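Reading the structure
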Amino acid sequence: MEQQLDAAAVRAAAARMAGAVRPAAVVPAADGLWYALEYLQHTGSFKARGAHNFLAAHRAAGALPDAGVTIASGGNAGLACAWAARAHGIPATVFLPVTAPRVKVERLAGYGADVRLVGERYADALAACREFAAQSGALSSHAYDHPLVAAGAGTLLDDIWAGLPGVDTVVVAVGGGGLLAGVATAAREHGIRVAAVEPERCKALRAALEAGRPVDVTVDSVASDSLGATRVSADALAAAQDPGVRSVLVPDTAITAARRALWEEHRIVVEAGAATALAAVREAPEPLGKRVAVVLCGANTDPCDL
């Protein structure tokens, strides 16, 4: 299926997903600051949007094989794929690195997925997933690097726009860049700025911007379990090159402090990847905008380390 990521693709995704995903609530947090509570989404993260759109589009095209779908994921995308596969009545085989958090592995099993742990890095799981797809005929999905996945994630912007009229800036965390690519594509039509936030020691997007192309980077951050992609998608890089998007880096200490603050001030528990977006707001020397929405994108974490 030939696909491209543009505003029309995001609108098509919204039509396919109507009633299947939970609209994100947008709540006030401080003066000029709101939280988009996307961690309340099915499977506990925004990834459910892209997974559902990916399978719904293939079903509409008559392209869902009996072997089902397979994906390599550090956790959240695998959960979303398994959830969407169950909704569409097909099997899901999910490959993860052995470093994936146990809470995510256990939840995958709960969705009925065939879980296979391979290697230390996402790249190892991806190679095994590709081999499995070639041998079995299963439909190969991707954690972030596919226009249908990014377009599904981009539907979150509609929820933010509806819940916070006049929003001028949306802050998102970046791993492989699917959320950024989709949200930035949708935001462009409304003239909304986007802050793309990465950990200092997990900065595939910043490296791509500096190189002018996606490049491999080393990953060593407290947020690596969800933002640990070694390179961003071409769509994410293209989105970040738009003048309405700015790249922001934050240290791990700020991520940990933001995650703790969400718990202490609001009794919100999110994973470090979701706290990365808020860390940029807390670290910024001046406000990122007048009406800023921070996407709290996932909560599949163990709260014991708060």
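A brief structural summary.

The rules behind the values
- Residues numbered from 1 in each chain as written.
- Predicted model: local features only at pLDDT ≥ 70, side-chain atom pairs only at ≥ 80, totals over all residues.
- Heavy atoms only, no water.
- Pairing = 2+ DSSP bridges.
- Helix = DSSP H or I, 4+ residues; strand = E, 2+ residues; numbered from the N terminus.
- Contact = heavy atoms within 4.5 Å.
- Axes fitted to C-alpha atoms, helices over the stretch in contact; angles between N-to-C directions.
- Buried < 20%, exposed > 50% of the residue type's maximum accessible area, 1.4 Å probe, protein only.
- Salt bridge = Lys/Arg side-chain N within 4 Å of Asp/Glu carboxyl O.

1. Re the sheet that holds strand β3 (residues 69-72)
In spatial order, the strands read β5-β4-β3-β6; together these four strands make up an open sheet with parallel pairing. Of all strands in the sheet, those with a lone pairing partner are β5 (114-117) and β6 (139-140), marking the two edges. Here strand β4 (residues 92-96) pairs with β5 via four bridges, running parallel. Opposite V94, over in β5, you have V115 as the bridge partner. In this fold helix α5 (residues 122-136) packs onto β3, β4, β5 and β6, with an angle of close to 160 degrees to the strand it touches most, β3.

2. Section: unusual backbone geometry
Glycine aside, residues mostly have negative phi angles, and peptide bonds mostly take the trans form. A positive phi angle, near 70 degrees, is found at T43, a position not held by glycine. By secondary structure assignment, the location of T43 is in the loop between β2 (33-36) and α2 (47-60). Here T43 falls in the buried class, since its relative accessible area comes to 4%. Phi at R267 is positive, roughly 60 degrees, even though this residue is not glycine. Inspection of the secondary structure puts R267 in the loop between α12 (252-266) and α13 (272-283). The exposed category is assigned to R267, whose relative accessible area is 54%.

3. With respect to the sheet that holds strand β7 (residues 169-173)
Read from one edge of the open sheet, six strands run β1-β2-β10-β7-β8-β9, paired in mixed fashion. Looking at the sheet topology across the chains shown, the edges are occupied by β1 (26-30) and β9 (245-250). The average angle at which neighbouring strand axes cross in this sheet is 30 degrees, direction not considered. Pairing of strand β8 (residues 193-199) with β9, which is carried by six bridges, proceeds in the parallel orientation.

4. Considerations on the pattern of salt bridges
A complete count under the given rule lists nine salt bridges for this structure. In this structure, R193 and D168 form a salt bridge, with 3.4 Å as the shortest nitrogen-oxygen distance. On the criterion of sequence distance, the pair formed by R193 in strand β8 and D168 in the loop between α7 (156-163) and β7 is long-range, its members being 25 residues apart. The exposure class assigned to D168 is buried, which follows from its relative accessible area of 15%.

5. With respect to the side chain of N76
Structurally, N76 is set in helix α3 (residues 76-88). For N76, the contacting residues outside a window of four places in its chain are S45, K47, K104, S226, E271 and N300.

Functional significance is not addressed by these values, which are geometric in nature.
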